[in-house]
Amino acid sequence: MKSILTFITALLCIGTLKAENGYDLWLRKQPANPVNVTASKHSTVLDMAKKELTENWQGKAGATIKLLVKTDKEIKDDGFKINAGTIQANTDLGVLYGTFELLRRVQTGAPTDNVLSNPSYQRRVLNHWDNLNGSMEHGFGGNSLFWHRGKDSLTVTDAERKRWRDYARINASIGINGSVIDNVNASPMVLSTPYLGKVKEIAAATRPYGVRIYLAVNFASPIKVGGLKTADPLDPEVIKWWHAKAKEIYTLIPDFGGFLVKANSEGQPGPQDYKRTHVDGANLLADAVKPYGGIVMWRAFVYASNDADRAKQAVTEFMPFDGQFRDNVIIQVKNGPVDFQPREPFSPLFGMMKKTSIMPEFQITQEYLGQAIHLVFLSSMWEECLKSDTYQEGKGSTVGKVTDGSLLPQKYTAIAGVANTGLDSNWCGHPFAAANWYAFGRLAWNNTLTSDEIANEWITQTFSPINTDQSLSSSGTDWHNAFLLPVKKMMLQSREAAVNYMMPLGLHHMFSASEHYGPGPWYAPPRVRADWTPPYYHKADAKGIGFDRTSTGSDAVSQYKEPLRSVFSDVTKTPEIYLLWFHHLPWDYKMKSGRTLWEALCYKYQEGVNQVRDFQKIWASAKPYVDNQRFLDVQTRLMRQTRDAQIWKDGVLQYFQTFNNLPFPPDMEQPMTTLKYIQATPPINIK
Ligand code: GCW
């Protein structure tokens, strides 16, 4: 009877949920209860905190909240305490972060007393791969928030200022305190005086919310912008130029964060062009920003076109320099040793450099994970990385701990996420892609949070119905059981599902080259360098498949500490999720399940397809609880994702059959599409 009533209520409510375009993300306005807010002093930031509380208070009507800026030794950096109606921090900004935390706790029903929260990393930074013409490298949420082309490209409008301010507020709500606003494939022009004028405007808009601006810089800027003949880092004129440029920037933007550099990687200029080293390059820039408290984030994403296993090259290039970088240089390391694949083991560089500051780089934008079409909650992937044990200082030396300063001293700690935001009205394209922005911020603040906790918070804030009756509200058990739990389950499975239908069992980099979207394990034009082609990674032939990274192969295993080295070297001990990352195995290799490797692979692809079909069902059942606009948006994308998953399964497995001639297990779905068709059609166009 109760369920019939619920159903009827649900039906009555369809259409009563106001359509939402997603702009407010997890900060949707709910009717507020009255609250008295007092502050220990006046400041712009504290006034903003007050406003947030008065406009969004969901707690007890008439409650009193005190904002207190007072030094407390237990509180670190931007951290805060919440206790007995007081939000205390060492800084105004800390109080603002505490305010957002209190609002979140009230909304999600978490305890609001005895809270002490300190950030895991000092610098929690988004990297925007935004080009100065407004396009984005692998951005799927519309055009750039910061740049556009045209005669008025450097004139700033009020609408832009508002958008930047909103962007900063959203970031502040999850503790993000920095943004690199241009692509790491950097245009030198960003350092020209007119562009710096615009950077100043952006910084002014984001500053009140504590979001400091950083720039990605092109190492050849002294030539391209400065008119010098060289960019040699040891040349006195070059040194002078960078110092003068830093001074110019800090005069305009006193709290400028620093530089991000992609040097000698994928065609970008760098110190090696002058037979100098990463140390020479990074230290030059570090010295230039040091007087102002700036930092240099120098990327370890380097790999030359040579015979060495690409997965080994960052360690080979950077290890010899351990201990030689200035203390305001942080080496920015992608989570995996290759390139943001659906699954990689952690980059061995995390477990190696002891005398160099290291920061993780995650990719929020879904370059390799279905872009803005697939629903993939990346928190699970980052959690997996942060919790991976490097054994750097013995057992328990997780990637989180070797980067957040708790195991080895670092003057600065930081974490970067390649942003997925753009001018789309919902910021990220896919409504669920916003969960990845959210998760990045939350993990940057607390790198021990679980994806379950993060999903819980995000769903509650993003979907709890506004102004509806109790049975549908987030405090109602129906909403919890019929909406939150299944949607959370879908999110938590989604990354594994993507791995399953794209590249399970340790396979990697099997994308069609131009778009990094659909399957392309066959892509290998003669003139393209080998490590940009999938066969380099899967090495499938008549006998078997996989990349031998043990001592009989590239020996990448030697870059991991014991006991990992032995685990990854031994095929019987290697976790199945990394099997073909480390081993080349015959098609009939017996898996722990008793199946052959080929059968196991087939079933994994099938499982991925089935999982996405389940997501469709879950979402269908969520209909009564979501406004129509967001419901249909997600539903449409899930249909496409299901079709894509099938294309992945059909494409990859039929391609491998051309080597092994093995049949599909009889109880799995036979292909719906021919290999020929899939190979001939750009994946993004397959319908
Ligand atoms: O994943 C690859 C991308 C490039 C990107 C590069 C990098 C910005 O395909 O587009 O360039 O990584 O991280 O530098």
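Here, residues in each chain are numbered from 1, in the same order as that chain's written sequence. For a predicted model such as this one, the threshold for reporting local features is a pLDDT of at least 70, and the threshold for listing and counting side-chain atom pairs is 80 or more; totals across whole chains, interfaces and linings nevertheless cover every residue. Each side-chain value is derived from all of the structure's non-hydrogen atoms; neither hydrogens nor water enter the calculation.

**Things to note about the site of the ligand**
- Neighbouring residues of the ligand: 15 residues in total, closest Glu 137, Lys 262, Lys 334, Asp 339 and Glu 367.
- For this analysis, a polar contact is any N or O atom pair within 3.5 Å, provided that within protein one partner can donate a hydrogen and the other can accept it, and provided that sequence-adjacent residues contribute only side-chain to side-chain pairs. Glu 367 places a side-chain nitrogen or oxygen 2.6 Å from an oxygen atom of the ligand.
- Protein chains shield 95% of the accessible area of the ligand, which is 340 Å² for the free molecule.
- When residue character is reported, Ala, Val, Leu, Ile, Met, Phe, Trp, Tyr, Cys and Pro are called nonpolar, Asp, Glu, Lys and Arg charged, and the others, Gly included, polar. Split into classes, the residues belonging to the shell around the ligand amount to four nonpolar, four polar and seven charged. Definition of nearness: a residue and a molecule or strand are near each other if at least one heavy atom of the residue lies within 4 Å of the molecule or strand. Surface accessibility follows the Shrake-Rupley procedure with a 1.4 Å probe radius. Residue values consider only the protein chains on display as shielding.

**Things to note about the domain arrangement of the protein chain**
- Domain borders in the structure are assigned automatically or taken from a domain database. If you check the domain split of the protein chain, you get domain 1 (25-117), domain 2 (123-464) and domain 3 (500-547 + 584-685).
- With centres defined by C-alpha atoms, the gap from domain 1 to domain 3 works out at 47 Å.

**Describing the packing of helix α13 (residues 451-463) against helix α14 (residues 477-502)**
- To obtain each axis, a line is fitted to C-alpha atoms, and for helices this fit is confined to the stretch in contact; angles are then taken between N-to-C directions over 0 to 180 degrees. Counting from the N terminus, the helices are the DSSP runs of H or I reaching at least four residues and the strands are the DSSP runs of E reaching at least two. Their axes nearest at 10 Å, the elements α13 and α14 cross at an angle of 130°. Comparing their axes, α14 and α13 come out oblique. Considering the relative orientation of α13 and α14, their crossing is right-handed. Within the contact between the two elements, α13 uses Ser 451, Asp 452, Ala 455, Asn 456, Trp 458, Ile 459, Thr 460 and Phe 463 and α14 uses Trp 479, Phe 483, Leu 484, Val 487, Lys 488, Met 491 and Leu 492.
- Split by residue class, the contact of α13 with α14 holds ten nonpolar, three polar and two charged. Our angle categories are set so that under 35 degrees counts as roughly parallel, over 145 as roughly antiparallel, 65 to 115 as roughly perpendicular, and the remainder as oblique. For a crossing to be left-handed, the near helix must be turned anticlockwise from the far one by less than a right angle; the clockwise case is right-handed. Residue contacts are defined here by distance: any two heavy atoms, one from each residue, within 4.5 Å place the two residues in contact.

**Some details on the sheet that holds strand β8 (residues 212-216)**
- Here, strands pair whenever DSSP counts at least two bridges between them. The eight strands lie next to each other as β6-β7-β8-β9-β10-β11-β12-β13, forming a closed barrel whose pairing is parallel. Here the average twist between neighbouring strands, direction ignored, is 25°.
- Bridge count for strand β6 (residues 123-127) against strand β13 (residues 414-418) is five bridges, and the pairing is parallel. Bridging across to β13, Arg 124 finds its partner in Ile 415.

**Focus: the side chain of Thr 574**
- Secondary-structure assignment places Thr 574 in the loop between α16 (564-569) and α17 (579-582).
- Overall, the relative accessible area of 1% leaves Thr 574 in the buried class.
- Only 2.9 Å separates the side chain of Thr 574 from the backbone oxygen of Asp 570, close enough to count as a polar contact.
- Leaving out residues up to four positions away in the same chain, Thr 574 has contacts with Val 567, Phe 568, Leu 579, Phe 582, His 583 and Lys 592. Under the scheme applied here, a residue whose accessible area is under 20% of the maximum for its type counts as buried, over 50% as exposed, and between as partly exposed, the area being computed with a 1.4 Å probe on protein chains only.

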